Amino acid sequence: MSLLPFLLISIAVTGAALILRGRPTIATSVVLAGLVASLIAALAIRPGETIVIGGATVATTDFLRLFLVLGCLSGLALALLGAGAGTRRDAPAVMLGTLAAAALALSLPDARIAVPAATIGGLLGVLVTLAPTGARAGATVGIREVRAVIIAGALAIAAAAWIARPLGDLAVQPQVFGFAYLGFTIAVAVRFGVIPFHFWAARLADAVPEVALPTLTAWGPAVLAVVALAWIDRAVAPVLPEFGAERAVLIGIGVVTIVLATFAAWIQDDLEHVLGYSIMGDAGVIILGLAALGTEAWTPVRVWILAFVVARSAFAAWCAATRATFWTGRLDDLRGWARHSPPLVLALVLVIVASVGLPGFAAWEARSTIVRLLFGEPWAGLLLVALLGPILYYVRLLAIGLRRPHGGTSAEDWRPSWPGIDLNQVRTSIVKIARVNRGASTAVLALLLALLAVGTSAGAFGVTEAAAGAGPAVEAEAVETGLR
Amino acid sequence: MNPVLGTVAAAVVAGAVVAVSVRDGRLAVVGLAATLVFAALLGAQLDAPLGLAASLTGGILAAYLLWIAARGGGTTGGSRLGWPTEALLAGAAFFVGLGAVGLGAPALGPVEAQAAGFALAALAVVPVATGRDVLRIGIGLFLLLQAALLVGVGLDGHPSQLEQVVTAALVAALGGAVAALGYAARSDGSGGFDLATESRVRIRRPLDARRESPRPPEVTGPDIGR
């Protein structure tokens, strides 16, 4: 089966990187090579294959393949950026481990197995909270993240098990399905750290580098969201399509998150917290998508998830490149950044285009569809306007960049430079070239990831077709019945 | 109720009572180890040796990783009300679990698993919600996870072998995560497994960008004096 090489490579490399974490340079090199190998293995995945392992079916889909390819590309860019910017050492291994868990979770038709697989990916994230100094503070942030991950996992496991059996004899069927549905979707909300479950996610931005934030609060939770969507589509939606109170709770969480997280991102005074709250705000759309509860929501929610994870990674890359160039993430100290580095301006504009979208973009249409599935006019129009709120904090970032800078600068130059190579000291020369091109190299990586995000948001790479494709359960059934 | 499964379920709950009651970190880990091992026996089919072996391995590995973090000493919060209160709470929840078998529909798994799951969930609430040290919160999270897994076994029947392998990996990963965090907390000062105070948590992330190269000197600009 074509998924197995990906699983083997990603799991083995993650394990090797964790063993080698005492030697950061080697560990990072191993993970970078592993990400390249995983990308090749992901591209080689053939959709529509199934295999039975240990009594459970594993099936490949177009969505799985695209998710992993985009994940490997984003992971590579973020890992290179982290290496260039001197970011914490475990971030690339955590990304690869998260993708390994994602590969397993997204290929399993049975939610009872997929949820534990998705939860394992979340637990790996604690590694990036551990800093050499301030270990207790890092451990405090880390255990809060573990708490959120396990509470979400336990809720989802219990919910999936509750209605997995034949329930013909159930006396209170609507209530049981409603509670199970609410439990699973609240689990997704907890995992994303959306408001009001945001305390741990907000603190995460204190301790985790920018390049690791999307892994912990976007890629990992997105896997659980996809599993939840498949579970709702298979187990809940066909039985009882209407849950008034349960959906009202989810809609409330989604709308409050979109509004308040956008406001919170707007008033932050450092890049990491702007990034953290921006991820939270966009995750609110996914919660709304889970509230839509119907087959019409299947494609738009999955399109939005793909656009969301890549766009947030691109914004994280921009934040990391800005910090690497200007040696600070404090907005007050970043006055004049746009005057100094044109590539970063272009990267941020592309991130804005990818995140907010343009009419006709797949992500734009997906977001509109989700909102219109839930609301009639004028509420749908109002919420769609609220969803343009991220423009506020992006414009603020641009405005800060255009202001007159504080006196003096220690910023890296955005133009590449090539100091002479001393053939007697090749390694020293390479290190010197990397150091003097710190600003240029990180800006180029941010720009490349921003381009990938725009493409994904626009619907390139077969995003819409992959999102509209069947889930692993349907693929497995199609193979069993000879339809595929 | 099957008496053998009932005894195993009682052992699961007894280990959990010890884990949440005692203040000695090592003893708490021993109690948790008993819970994890007996829960593996309760949740697995004996005629599926791969799944059972995976569950046992996952539980033992998780406990061993926690032991590495706790063996140097260190206390955890423990129960403020004492073990009898915890035992009564767990016992009450156990019987609720027995009475609510299947949760409204015929159960496919052993009722003892659901009862033990209810007891573990009841014991997990306080450590997870109010724990003030890494080890106590971690133990609560183990109990919560095992509760969900056992309730799942009680409702939906015994899991497939792949499910057992994946959940064993999850248990081991949780052990590794809590152990790494506990070790980090213990290695930072004299506070043992205690969490940092809130003011210390709000750190300014000074270490993300390593200043490997000397920076150009700051130049005072015209804006500074205003």
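Residues numbered from 1 in each chain as written. Chains lettered and ligands numbered in written order. Predicted model: local features only at pLDDT ≥ 70, side-chain atom pairs only at ≥ 80, totals over all residues.

(A) Highlighting the confidence of the model for chain B. Residues and elements named next belong to chain B. Confidence along chain B averages 84 in pLDDT terms, with 87% of residues attaining 70 or more. Considering only residues more than four positions removed or in separate chains, one finds that residues 206–226, a stretch of pLDDT under 50, has 33 contacts. Across the predicted assembly, pTM comes out at 0.90 and ipTM at 0.89. (pLDDT = per-residue confidence, 0-100. Contact = placed C-beta atoms within 7 Å.)

(B) View of the packing of helix α11 (residues 271–292) of chain A against helix α12 (residues 298–326) of chain A. Residues and elements named next belong to chain A. Running from N to C, α11 and α12 cross one another at 180 degrees; their axes reach a closest spacing of 10 Å. If you check the angle between α11 and α12, you find them roughly antiparallel. Counting all contacts with α11, which are made through L271, E272, L275, S278, I279, D282, V285, I286 and G289, the residues of α12 involved are P300, V301, W304, I305, F308, R312, F315, A316, C319, T322 and R323. A per-class count over the contact of α11 with α12 returns 13 nonpolar, three polar and four charged. (Axes fitted to C-alpha atoms, helices over the stretch in contact; angles between N-to-C directions. Helix = DSSP H or I, 4+ residues; strand = E, 2+ residues; numbered from the N terminus. Parallel < 35°, antiparallel > 145°, perpendicular 65-115°, else oblique. Nonpolar A, V, L, I, M, F, W, Y, C, P; charged D, E, K, R; others polar.)

(C) Representation of unusual backbone geometry. All names here are of chain A. That bond from I195 to P196 is cis: its omega, 15 degrees, falls within 30 degrees of zero. Structurally, the position occupied by P196 is in the loop between α7 (173–192) and α8 (199–207). In the segment running from E377 into P378, the intervening peptide bond is cis, with an omega of 5 degrees. With respect to the helices and strands, P378 occurs in the loop between α15 (362–374) and α16 (379–386). Backbone geometry places W327, a non-glycine residue, at a positive phi of 60 degrees. Residue position: W327 is located in the loop between α12 and α13 (337–340).

(D) Seen up close, the packing of α11(A) against α15(A). Residue and element names in this part refer to chain A. Where α11 contacts α15, the two axes come as close as 9 Å, and the packing angle between them is 45 degrees. One way to sum up the angle between α11 and α15 is to call them oblique. For the pair α11 and α15, the crossing hand works out as left-handed. From α11, V285, L288, G289, A291 and A292 reach across to α15, where they touch R367, I370, V371, L373 and L374. Residue composition of the contact of α11 with α15, grouped by class: eight nonpolar, one polar and one charged. (Left-handed = near helix turned anticlockwise from the far one by under 90°.)

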